[in-house]
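Residue-level structural notes
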Amino acid sequence: MKESSKFTYNIMSIALIIYGLLMLPSIAVALNYGETGVWASMLVLSLCSIFAGAMAHFFLNNNLSTVSLRVCYITTVSVWICLIFLSTIPYIASNNSYPIIDIIFTTMASWTTCSTSAIPLEILPKGLLMWKCTCNWIGGIGIILLVLSFLPQWQFIGQKLVSTEIRGPGYLMNNTTFRQAYRRIIFIYLGFTIIQYVALRIAGMGRLTALFTTLSNASTSGVQHLNNGLIYNYPLNIKIIISFFAFLGSLNISVFVLLLVRKYRKVFKNTELRFYLGFVLAATIIFNSIKCISNNENFFHGFAPSLMQIVSFSSTSGFYVTDPSRWPLACCDIVIMVILVGSCAISSGGGIKASRVSLALLNVKSNLYMHIHPKGVRPIIYNDEPASSRTVARSNVYILLFFVVFFFGALLITLDGTPVYDALLYSQAMLTNTGIPITNTPNSEFIYSVSDFSKIVMSFLMICGRLEIYPILLVFTRGFWRERSE
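Focus: the environment of Leu146
Examined against the element boundaries, Leu146 turns out to sit in helix 8 (residues 143-148). Note on Leu146: relative accessible area 6%, which makes it buried. Spatially, the C-alpha atom of Leu146 lies 8.0 Å from that of Ile18, the residues being 128 residues apart in sequence. Those residues in contact with Leu146 that lie beyond four places of it in its chain are Ile18, Leu22, Ile138, Ile141 and Ile186.

Brief notes about the nonpolar core
The biggest cluster of nonpolar side chains holds 142 residues, and the ones touching the most others in it are Trp111, Ile143, Ile144, Trp327 and Ile438. Not counting chain neighbours up to four residues away, the residues in contact with Ile144 comprise Ile11, Thr76, Val79, Trp80, Leu161, Val162 and Glu165.

A word on a nonpolar patch on the surface
A cluster of nonpolar side chains, namely Phe51, Met55, Phe58 and Phe59, defines an oily patch on the protein surface of about 500 Å² accessible area. With respect to the helices and strands, the residue Phe51 is situated in helix 3 (residues 36-60). The exposed category is assigned to Phe51, whose relative accessible area is 56%.

As for the packing of aromatic side chains
Here the structure, examined in full by the defined rule, presents 21 aromatic pairs. Centre to centre, the rings of Phe275 and Phe279 are 6.0 Å apart; their planes meet at 15 degrees, and the pair counts as stacked. Of this pair, Phe275 and Phe279 are both found in helix 15 (residues 271-295), 4 residues apart, which corresponds to roughly one turn of the helix. With 5.5 Å between their ring centres and 40 degrees between their planes, Tyr320 and Trp327 make a pair best called tilted. Accessibility assignment for this pair places Tyr320 and Trp327 in one class, buried. Of the aromatic side chains, those joined through ring pairs into one cluster are Tyr19, Trp80, Trp111 and Trp131. When the ring centre of Tyr398 is taken as reference, the NZ or CZ atom of Arg356 above it lies at 3.7 Å.

A look at the layout of surface pockets
Within this model, the second largest pocket holds a volume of roughly 270 Å³. Mapped onto the lining of the second largest pocket, the elements with two or more residues apiece are helix 1 (3-22), helix 7 (126-141) and helix 10 (178-202). For the lining of the second largest pocket, the per-class residue count stands at 11 nonpolar, 1 polar and no charged.

Focus on the pattern of salt bridges
According to the stated counting rule, one finds 5 salt bridges in the structure shown. Residue Asp102 pairs with Lys455 through a salt bridge whose shortest N-O separation is 2.6 Å. Taken together, the residues Asp102 in helix 6 (residues 100-111) and Lys455 in helix 21 (residues 452-466) connect sequence positions 353 residues apart. For the pair formed by Asp102 and Lys455, the shared burial category is buried. A network of salt bridges, in which partner residues are shared, links Lys291, Glu297 and Arg326.

So, the environment of Ile469
On the secondary structure map, Ile469 appears in the loop between helix 21 and helix 22 (470-474). Its relative accessible area of 0% is what places Ile469 among the buried residues. Residues Ile469 and Pro386, 83 residues apart in the sequence, show an inter-C-alpha distance of 26 Å.

Things to note about the side chain of Asn363
In this fold, Asn363 is placed in helix 18 (residues 354-372). Apart from the residues within four sequence positions on either side, Asn363 is in contact with Ile380, Val392 and Asn396.

Digging into the packing of helix 15 against helix 17 (residues 329-341)
Here helix 15 crosses helix 17 at 165 degrees, and the two axes come no closer than 9 Å. The orientation of helix 15 with respect to helix 17, classified from their angle, is roughly antiparallel. In this structure, the crossing between helix 15 and helix 17 has a hand that is left-handed. Residues Phe275, Phe279, Ala283, Ile286, Phe287, Ile290 and Lys291 of helix 15 pack against Ala330, Cys331, Ile334, Val335, Met337, Val338 and Val341 of helix 17.

Topic: unusual backbone geometry
A positive phi angle, close to 50 degrees, is found at Asn227, a residue other than glycine. Residue placement: Asn227 occurs in the loop between helix 11 (207-218) and helix 12 (236-250). By relative accessible area, Asn227 is classed as partly exposed at 46%.

Focus: the confidence of the model for the protein chain
Within the protein chain, residue pLDDT values average 87, and 92% of them lie at 70 or more. The secondary structure element of the protein chain with the lowest average pLDDT is helix 9 (residues 155-162), at 66, and the one with the highest is helix 12, at 95. With pLDDT under 50 throughout, residues 169-175 is counted as low confidence; its partners more than four residues away or in other chains account for 18 contacts.

Examining the side chain of Ser216
Checked against the element boundaries, Ser216 lands in helix 11. Taking the relative accessible area as the measure of exposure, Ser216 reaches 3% and is therefore buried. If near-sequence neighbours (up to four positions away) are discounted, Ser216 is found in contact with Cys133, Asn136, Ser221, Gly222 and His225.

Examining helix 7
Given 3.6 residues to a turn, an α-helix orients residues that are three or four positions apart in the same direction. Look at helix 7: 23 Å from first C-alpha to last across 16 residues, which is about the 22 Å you get at 1.5 Å a residue. Taken across its 16 residues, helix 7 has 15 buried, putting it largely inside the fold. Residue Gly142 follows helix 7 closely and has a positive phi angle near 100 degrees.

Analysis parameters
- Residues numbered from 1 in each chain as written.
- Predicted model: local features only at pLDDT ≥ 70, side-chain atom pairs only at ≥ 80, totals over all residues.
- Heavy atoms only, no water.
- Helix = DSSP H or I, 4+ residues; strand = E, 2+ residues; numbered from the N terminus.
- Buried < 20%, exposed > 50% of the residue type's maximum accessible area, 1.4 Å probe, protein only.
- Contact = heavy atoms within 4.5 Å.
- Core = buried A, V, L, I, M, F, W, Y, C linked by side-chain atoms within 4.5 Å.
- Patch = residues over 30% accessible without salt bridge, like charges linked within 9 Å, V, L, I, M, F, W, Y side chains within 5 Å.
- Areas by Shrake-Rupley, 256 points an atom, 1.4 Å probe, with all protein chains shown as cover.
- Salt bridge = Lys/Arg side-chain N within 4 Å of Asp/Glu carboxyl O.
- Phe/Tyr/Trp six-rings, centres within 6.5 Å; stacked < 30°, edge-to-face > 60°.
- Lys NZ or Arg CZ within 6 Å of the ring centre and 35° of its normal.
- 1 Å grid on protein atoms, 1.4 Å probe; cavity = no way out; pocket = protein on both sides within 12 Å on 5 of 7 lines; lining within 4 Å.
- Points joined across faces, edges and corners; volume = space filled by probe spheres on them.
- Nonpolar A, V, L, I, M, F, W, Y, C, P; charged D, E, K, R; others polar.
- Axes fitted to C-alpha atoms, helices over the stretch in contact; angles between N-to-C directions.
- Parallel < 35°, antiparallel > 145°, perpendicular 65-115°, else oblique.
- Left-handed = near helix turned anticlockwise from the far one by under 90°.
- pLDDT = per-residue confidence, 0-100.
- Expected span 1.5 Å × (residues − 1).

Set out below in structure tokens:
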């Protein structure tokens, strides 16, 4: 067996072990509620995953010092697709006769942190609902990142492999080793999860509901299990907690790592962070102004709810803090724009990402200057350093590719008779991993009216959005599979 194949299988083996262990809390919930079919199937799957992973790791373990980017892409896509399809087994074995397409769609939505489900959550057994929320949590942090934190011998190739799952700035190299960075990221993610759970319990939320909410919201997957995400009638303290942690989840987690290592100057001068905070504030002011003028409301009274609402969609969590039936159509347009921009790089949120949008705007500014001063030289300064032309080009190409996939996905969805405007909303919701199409009359049951073909297209859009398009599209290119391709 080739060393590159051993590398892929070894990553897969550790992923299977982690996958099996993270299934245990869902088994405990199913046992507590007497859901025999659920806990039995999940227990068998958990034990088989742990055993198969341990055996594969024992026999296929290798210690590579380098690996091609092509192999990294193959590894990431293989691990994600394998675990997603394994996660359908508990639904199939639960004896609830769910349609197989609905199971695949719901599982894909879980792993890609989309706030949607083709299976009504109110009829879903508690054990399966816990598993769905657990998949949200794993998908938010990334299974490859979890795997590499337990493989110290591969810290030198870790950056290349993680970049195929989570893209973002690489300045962590200057402050810490990659393995330390991975572990700190997991520590921060786990810490936010625990703190949010405690806060929700103190606010009066029940144990199981608080657990579901925490696992979903920490990964910016939304809170669809809470009245289909319509939480505007919930107590203010609960809305504040949910919105605050959705906001934390939308930030570049490298910011928190830099805070831990006391690199405060890098945090305050971070271009993406400053752009994102300014963008959220500006969108909130516009959203609130339109809503208050239309409904004759007090601006300052509605500012906090509007801020929480914009945070919900900028993080691509997709829950409603305010009553959408009172939104003018212009407010929906603002929210659609906010979702397209999305959250920061290296976060659990989706969208184009604030880093790319800010870089594109800086590029526009630079090009306008060059048109006025053809002989002038004005580099694009990003994070206090000149951005390379390659970085700018890759960012611009991704934005273009994002809209190509977005419109092509909408085109395919219209083939089953879905109106064009609805198809555009569905495509945006899935590709940005928001999961809910934005209107002032939200309908969480929209997915029940679309065809199986459209659900497959939407599933493809979800995995494209979560892995940021490149890994998925590359595996469909012929040149990618050639041995010498890099």
